[in-house]
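Secondary and tertiary structure notes
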Amino acid sequence: MLNIALFGPPGAGKGTQSDFLVKKYNLFYISTGDLLRKEMAGRTKLGLEAQGIIAAGGLVPDEVIVQIIENTITGNPGSNGFLFDGFPRTYIQAYILEGLMLKLHTSLNRLISLDVSEDVSVRRLLARGVTSGRSDDNETVIRNRLREYAEKTRPVLQFYRDRGLCVEIDGAAPVEVVRDRIDAIVQEELGKQLFNVVLFGHPGSGRGSQGRALAARYGLEYVATGPMLGEEIARGTATGRRIVSLYESGQLVPDEIVVQLIERKLADAKGVKGFIFKGYPRTLVQSYILDALLKKHGSSLARIIVLDVPTLELIARLDARSQTDRCMPYDTSTAKIVKRLQEHETKTVPVIQKYSQRHEVITVDGTGTFDEVFARLSAVIEDGLRASR
Ligand code: AMP
């Protein structure tokens, strides 16, 4: 998700630049001014409350703003990202925005502040007033709006400077120059974003082979917890020795160990475009852990895919594999195979259900040849990559 706020005094060009950003990056546009004008046109309780304040050039109370903005933000969790215009306008609103973004497991990437002098603002707003039909585009109200901006809104910049999120640019430059500067900032943000995929599927559905091939093709890092544990054992690390003793006593490897390994993968992976997780998360607890780990790296899941193969075919595939040298220690008998399929059903299916409440979960037909399935998965990945650029 890419979340951007355009900041600046009235007349700085936030609305003009928003048009371009929304179209180019397919962002969900939220202008509190527009939302308030809609409330006023509908003569709702909130609209009537705001009317007098807006007409006088004041700021509408934060309690009203939170009511009009919360539903809009939380009602569109699947969007590519949000573009905020004219919000946040007070310190309290900056905290409100932080809380609402957290609720969606995301955060504001950048606040872009368009600097313009008071003279430029007044000149532009008076010119707009000729055609906008907005009652607040007249000189007395404009002066009030600018005073409110200087007193209550400009200090909000410090909130974002403190968090390293603020970029200030010259908003008095020609529209195209400002647009290109904003575009460069957005491009830089997108370049930092990781494209993360979780590949779900029953044992035998082909997650491993497809996941590795997808990772190679799209420059993603393949993260499979099974092989990661094996690597630790092979390297003879202290963790590896602990894992061996757990295996020997028939115990599961606890989440604390797996978390450390994944955390290290995320921290060490420089220059990758993102990650493909396979075999993780397997339980609800692990799904919360993964969300938190990605959040810590300023990232989230871009695509969640379920590779779907009918149960009978899964059993046939696992049974066939068990007759070859690719036989895994956990596939040596039918009882073990059935147990693994059951485990997936009881522990991992609820994880998929949990994700489907907040994300779009894409089911891909896993039957057919390797190439056929790979082509289907590639289409999903490419679609995701396009949407995130
Ligand atoms: P705008 O369309 O952003 O210029 O907003 C027009 C008017 O709506 C402002 O002068 C304020 O009275 C009110 N308004 C818009 N957004 C906010 C906000 N985030 N907080 C308080 N008042 C707002």
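In this report, we go over the structure that sits alongside the text. (Residues numbered from 1 in each chain as written. Predicted model: local features only at pLDDT ≥ 70, side-chain atom pairs only at ≥ 80, totals over all residues. Heavy atoms only, no water.)

Regarding its fold elements, the protein chain presents 17 helices and ten strands. Dimensions of the protein chain, computed from the C-alpha atoms along their principal axes, are close to 85 × 40 × 35 Å. By residue count, 47% of the 389 residues in the protein chain fall in the buried class. A separation of at least 24 residues holds for 75% of the contacts in the protein chain among residues at least 6 apart in sequence. Of the accessible surface of the protein chain, which amounts to about 19000 Å², a share of 54% is contributed by carbon and sulfur atoms. The protein chain carries 51 positive and 47 negative side-chain charges, and their two centres are separated by 2 Å. (Helix = DSSP H or I, 4+ residues; strand = E, 2+ residues; numbered from the N terminus. Buried < 20%, exposed > 50% of the residue type's maximum accessible area, 1.4 Å probe, protein only. Contact = heavy atoms within 4.5 Å. Areas by Shrake-Rupley, 256 points an atom, 1.4 Å probe, with all protein chains shown as cover. Lys, Arg positive; Asp, Glu negative; His and termini not counted. Charge placed at Lys NZ, Arg CZ, Asp CG, Glu CD.)

With that settled, consider helix H16 (residues 334-358). Along its 25 residues, H16 runs 36 Å from first to last C-alpha, staying within 8% of the 36 Å computed at 1.5 Å per residue. A bend of about 35 degrees at Thr348 is the largest found in H16, and the proline Pro350 appears one to four places after it. In this fold, the buried residues of H16 make contact with strand E6 (197-201), helix H14 (284-296), strand E9 (303-308), helix H15 (311-322) and strand E10 (361-365). (Expected span 1.5 Å × (residues − 1). Bend = angle between axes of the 7 residues up to and from the residue.)

On to the sheet that holds E6. Taken in spatial order, the five strands of this open sheet run E7-E8-E6-E9-E10, and their pairing is parallel. Across the chains shown, the open sheet's two edge strands, defined by having one partner strand only, are strand E7 (221-224) and E10. The sheet shows a mean angle of 25 degrees between the axes of neighbouring strands, direction not considered. Of the pairings in the sheet, the one linking E6 to strand E8 (residues 275-278) comprises three bridges and is parallel in character. (Pairing = 2+ DSSP bridges. Axes fitted to C-alpha atoms, helices over the stretch in contact; angles between N-to-C directions.)

Time to look at the site of the ligand. Around the ligand, 16 residues are found, and the nearest of them are Thr32, Arg37, Gly58, Gly86 and Gln93. Interatomic distance of 2.7 Å between a side-chain N/O atom of Thr32 and a nitrogen atom of the ligand. At a separation of 2.6 Å, an oxygen atom of the ligand approaches a polar backbone atom of Gly58. Calculation on the ligand without its partners gives an accessible area of 480 Å², and the protein chains cover 96% of this total. Sorting elements by how many residues they give to the shell around the ligand places helix H2 (residues 32-41) first, with four residues. A breakdown of the residues in the shell around the ligand according to their chemical character gives six nonpolar, five polar and five charged. (Near = heavy atom within 4 Å. Polar contact = N/O pair within 3.5 Å; in protein donor to acceptor, adjacent residues only side chain to side chain. Nonpolar A, V, L, I, M, F, W, Y, C, P; charged D, E, K, R; others polar.)

A word on the environment of Leu229. When you line up the elements, Leu229 lands in helix H11 (residues 225-235). A C-alpha to C-alpha distance of 69 Å links Leu229 and Glu139, two positions 90 residues apart in sequence. Each residue touching Leu229, except ones within four places of it in the same chain, is listed here: Ile243, Tyr247, Val253, Ile257, Val258 and Leu261.

On to the packing of aromatic side chains. This model, assessed by the stated rule, comprises ten aromatic pairs. One aromatic cluster is present, built from ring pairs that chain together Phe28, Phe82, Phe84 and Phe87. One residue, Lys354, lies across the ring of Tyr355, its end atom 5.0 Å from the ring centre. (Phe/Tyr/Trp six-rings, centres within 6.5 Å; stacked < 30°, edge-to-face > 60°. Lys NZ or Arg CZ within 6 Å of the ring centre and 35° of its normal.)

Before going further, it helps to examine the nonpolar core. Within soluble globular proteins, side chains that are nonpolar tend to cluster in buried spots. Within the largest apolar cluster, 33 residues are counted, with the highest numbers of intra-cluster contacts made by Leu36, Ile73, Phe84, Leu97, Leu111 and Tyr160. Each residue touching Phe84, except ones within four places of it in the same chain, is listed here: Ile4, Ala5, Leu6, Ile30, Ile73, Leu97, Met101 and Leu108. In this structure, Met228, Val253, Leu266 and Ala269 belong to the second largest nonpolar core, which totals 29 residues. (Core = buried A, V, L, I, M, F, W, Y, C linked by side-chain atoms within 4.5 Å.)

This part covers the sheet that holds strand E3 (residues 82-85). On the basis of which strands lie adjacent, the open sheet formed by five strands has the order E2-E3-E1-E4-E5 and parallel pairing. Every interior strand has two partners, whereas the edge strands, strand E2 (28-31) and strand E5 (166-170), have only one. Within the sheet, the average angular offset between the axes of one strand and its neighbour, ignoring direction, is 20 degrees. Pairing between strand E1 (residues 4-7) and strand E4 (residues 110-115): four bridges, direction parallel. Within E4, the residue paired with Phe7 across the bridge is Ser113.

At a minimum axis separation of 7 Å, H11 and helix H12 (residues 238-248) run at an interaxial angle of 110 degrees. Put simply, H11 runs roughly perpendicular to H12. You can see that H11 and H12 cross each other, and the crossing is left-handed. Contacts between H11 and H12 involve Leu229, Glu232 and Ile233 on the former and, on the latter, Thr239, Gly240, Ile243, Val244 and Tyr247. Across the contact of H11 with H12, the residue classes break down as five nonpolar, two polar and one charged. (Parallel < 35°, antiparallel > 145°, perpendicular 65-115°, else oblique. Left-handed = near helix turned anticlockwise from the far one by under 90°.)

The next subject is the pairing of E1. Along any regular strand the residues' side chains alternate between the sheet's two faces. Of the two faces of E1, the one lined by Ile4 and Leu6 and the one lined by Ala5 and Phe7 are each fully buried. As judged from the three bridges shared by E1 and E3, these two strands associate in the parallel manner. Across the sheet, Leu6 pairs through a bridge with Asp85, a residue of E3.

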